[in-house]
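Notes for the structure review
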Amino acid sequence: MANLKISPEKAILLLNERIDDIKTMIENHNGFEYYDFIGRCSKIWSVIDEIYGADDIRPEEIRSIGLPTCSCSSSKEVQIMLLEVYLSRLLDYINEIQRSMKTSE
């Protein structure tokens, strides 16, 4: 398991909050603009930074998913596709944390 900077329970709570936000964006994608998308990504990155230590690969990994380069070239389809990738990774992180909690008992 990765070294968590916070408790596993709090990490899962924070990840679930971001997951709920991503699901809302995917469902209501017509109401969000490019900079709303960028703001959500920034919040995801901040949560990952809060959970994992600087020596962990996850903060770099989550940032490498990427962003569209500018608002003029960012279609809703690209944003949704990227949100789905973020969603998948966050779910993976929760699963990793839960597995490590079971093995440490």
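A brief structural summary.

Reading guide: rules and limits
Residues numbered from 1 in each chain as written. Predicted model: local features only at pLDDT ≥ 70, side-chain atom pairs only at ≥ 80, totals over all residues. Heavy atoms only, no water. Helix = DSSP H or I, 4+ residues; strand = E, 2+ residues; numbered from the N terminus. Buried < 20%, exposed > 50% of the residue type's maximum accessible area, 1.4 Å probe, protein only. Contact = heavy atoms within 4.5 Å. Areas by Shrake-Rupley, 256 points an atom, 1.4 Å probe, with all protein chains shown as cover. Phe/Tyr/Trp six-rings, centres within 6.5 Å; stacked < 30°, edge-to-face > 60°. Axes fitted to C-alpha atoms, helices over the stretch in contact; angles between N-to-C directions. Parallel < 35°, antiparallel > 145°, perpendicular 65-115°, else oblique. Left-handed = near helix turned anticlockwise from the far one by under 90°. Nonpolar A, V, L, I, M, F, W, Y, C, P; charged D, E, K, R; others polar. Expected span 1.5 Å × (residues − 1). Salt bridge = Lys/Arg side-chain N within 4 Å of Asp/Glu carboxyl O.

1. Some details on the overall build of the protein
Helix and strand counts for the protein stand at 4 helices and 0 strands. Along the protein, from the amino end to the carboxyl end, the secondary structure elements read α-α-α-α. Within the protein, the proportion of its 105 residues that are buried is 42%. Long-range pairs, those at least 24 residues apart, make up 74% of the contacts in the protein between residues at least 6 apart in sequence. On the protein, roughly 6,100 Å² of surface is accessible, and the fraction owed to carbon and sulfur atoms is 52%.

2. Some remarks on the packing of aromatic side chains
Evaluation of the coordinates by the stated rule reveals 2 aromatic pairs. Each ring, one from Tyr-34 and one from Tyr-35, has its centre 5.0 Å from the other, and the planes form 85°; the classification is edge-to-face. Classification of Tyr-35 as exposed rests on a relative accessible area of 61%. An angle of 70° between the planes, with centres 5.7 Å apart, marks the rings of Tyr-52 and Tyr-93 as edge-to-face. Within this pair, whereas Tyr-52 is found in the loop between α2 (34–51) and α3 (58–63), its partner Tyr-93 is found in helix α4 (residues 76–103), the two being separated by 41 residues in sequence. Overall, Tyr-52 belongs to the buried group, its relative accessible area being 2%.

3. A short note on the packing of helix α1 (residues 8–27) against α2
The description of two helices packed together rests on the angle between their axes and the distance between the axes. At their nearest, the axes of α1 and α2 sit 10 Å apart, and the two run at 170° to each other. Taken together, the axis directions place α1 and α2 in an arrangement best described as roughly antiparallel. Viewed along their axes, α1 and α2 form a crossing whose handedness is left-handed. Only Asp-36, Phe-37, Arg-40, Lys-43, Ile-44, Val-47, Ile-48, Glu-50 and Ile-51 of α2 make contact with α1, whose side of the interface consists of Lys-10, Ala-11, Leu-14, Leu-15, Arg-18, Asp-21, Ile-22 and Met-25. Tallied by class, the residues present in the contact of α1 with α2 amount to 10 nonpolar, no polar and 7 charged.

4. Some points on α4
Two residues of an α-helix separated by three or four positions point the same way, owing to the 3.6 residues in each turn. The first and last C-alpha atoms of α4 sit 41 Å apart over 28 residues, in line with the 40 Å expected at 1.5 Å per residue. Turning to α4, its buried residues are Gln-79, Ile-80, Leu-82, Leu-83, Tyr-86, Leu-87, Arg-89, Leu-90, Tyr-93, Ile-94, Ile-97 and Ser-100. Buried residues in α4 make contact with α1, α2 and α3.

5. Section: the pattern of salt bridges
Summed over all chains, the structure comprises 8 salt bridges. We note a salt bridge from Asp-92 to Arg-89, for which the minimum N-O separation is 2.6 Å. On the criterion of helical spacing, the pair formed by Asp-92 and Arg-89 is a turn pair, its members being 3 residues apart in helix α4. Of the residues examined, Asp-92 reaches a relative accessible area of 29% and is grouped as partly exposed. If you follow the salt bridges from partner to partner, you end up with Arg-18, Asp-21 and Arg-40 in one network.

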